[in-house]
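In case you want the letters, here they are:
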Amino acid sequence: MGQFHLLTIALCSIFLSVCVFPETASAQLRQNYYANICPNVENIVRGVVNTKFQQTFVTVPATLRLFFHDCFVQGCDASVIIASSGSNTAEKDHPDNLSLAGDGFDTVIKAKAAVDNIPSCKNKVSCADILTMATRDVIALSGGPSYAVELGRLDGLSSTSASVNGKLPHPNFNLDQLTSLFAANGLSRADMIALSAAHTLGFSHCSKFANRIYNFSRQNPVDPTLDKTYAAQLQQMCPKNVDPRIAINMDPVTPRKFDNVYYQNLQQGKGLFTSDQVLFTDPRSKPTVNAWASSSSAFQNAFVQAMTKLGRVGVKTGRNGNIRRDCGAFN
């Protein structure tokens, strides 16, 4: 218990604005922040995202995951987009971030270029805000809710691989580990369950869940919470010596649609990760899964609320940030 308390204090010190000054974190954030600065910014970003989406669907899960990985490490400040240089190994090159698809980075970089192509907007819109807008847009493009985003973030001034350690959830996390990690970012258990539904989109490499289908335990090589038919399908798609580049859909039913089928899959033992399926097997989170499996509108409302709260994490203000000219490099 003492160690957990110390961990909480440590995480709070990192996300000071969330834990100690919850109002300060989002004080400068507001809807229509750029109304008098770059009034058409949301349409410009949406246009770029739409073009990119038409080129590849990977744009959707890649951008959504990029936002999550950015906000959970030093806050929503586009520090995950910074490229490593010289002696500095940046966040994006941490092992937990190597699987971030390039299409997410490309979406932000192209949207930034389009915004800066407007003379009155040049160097006025942060990369962090562009990522926030693009994330909202990919969710809507894949059938999810569209919502008003709060804007006004500055870009972070540091990005180190070391800062990622222990900040991102892992596929084998249990409910307590997930709840603690999200709580350190000012997010509730309900927020965590809502945000987990991002796994209704995208794909995973076989190595992330191989233990569930081959060596779960001595008594049960296959995780008993997995649906037997689904487990057999996973073994077929991911044989033991599978090419490590092979990836499979996170949602086996509607992999290209942002919907509440994620929760219906959990009810049927078709959560791909342990951290997905535990939301249904743990009695503390099961009622929420059941509620959102049966009500798309209740889920979407909870998701929008959780995304808005996530977007307030560790917001940079004043001297703690700036507006990057190049999203991949410090000014």
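Residues numbered from 1 in each chain as written. Predicted model: local features only at pLDDT ≥ 70, side-chain atom pairs only at ≥ 80, totals over all residues. Heavy atoms only, no water.

Trainee: Can you tell me about the state of the cysteines, naming the residues and giving the values?
Mentor: Enumeration over the complete set of coordinates arrives at four disulfides. Two residues share a disulfide in this structure: Cys38 and Cys121, whose sulfurs sit 2.1 Å from each other. Taking the sign of the S-S torsion, about 90° here, the bridge from Cys38 to Cys121 comes out right-handed. Here Cys38 is found in the loop between α3 (22-27) and α4 (41-55), whereas its partner Cys121 is found in the loop between α6 (102-116) and α7 (127-141), with 83 residues between them in sequence. With respect to class, Cys38 is no different from Cys121; both count as buried. Shown here is the disulfide that connects Cys206 with Cys238, its sulfur atoms set 2.0 Å apart. Across the disulfide from Cys206 to Cys238, rotation about the S-S bond amounts to roughly -65°, and the bridge is consequently left-handed. (Disulfide = S-S within 2.5 Å. Helix = DSSP H or I, 4+ residues; strand = E, 2+ residues; numbered from the N terminus. Buried < 20%, exposed > 50% of the residue type's maximum accessible area, 1.4 Å probe, protein only.)

Trainee: Explain the side chain of Ser161 to me, and be specific about the residues and the numbers.
Mentor: Residue placement: Ser161 occurs in the loop between β1 (155-156) and α8 (175-183). Of the residues examined, Ser161 reaches a relative accessible area of 14% and is grouped as buried. When neighbours within four sequence positions are excluded, Ser161 is seen to be in contact with Thr89, Ala90, Glu91, Asp93 and His94. (Contact = heavy atoms within 4.5 Å.)

Trainee: Which residues make up the environment of His69, and what values do they have?
Mentor: Inspection of the secondary structure assignment puts His69 in helix α5 (residues 59-71). For His69, a relative accessible area of 8% corresponds to the buried category. A polar contact of 2.6 Å, which involves the side chain of His69, links it to the side chain of Asn97. (Polar contact = N/O pair within 3.5 Å; in protein donor to acceptor, adjacent residues only side chain to side chain.)

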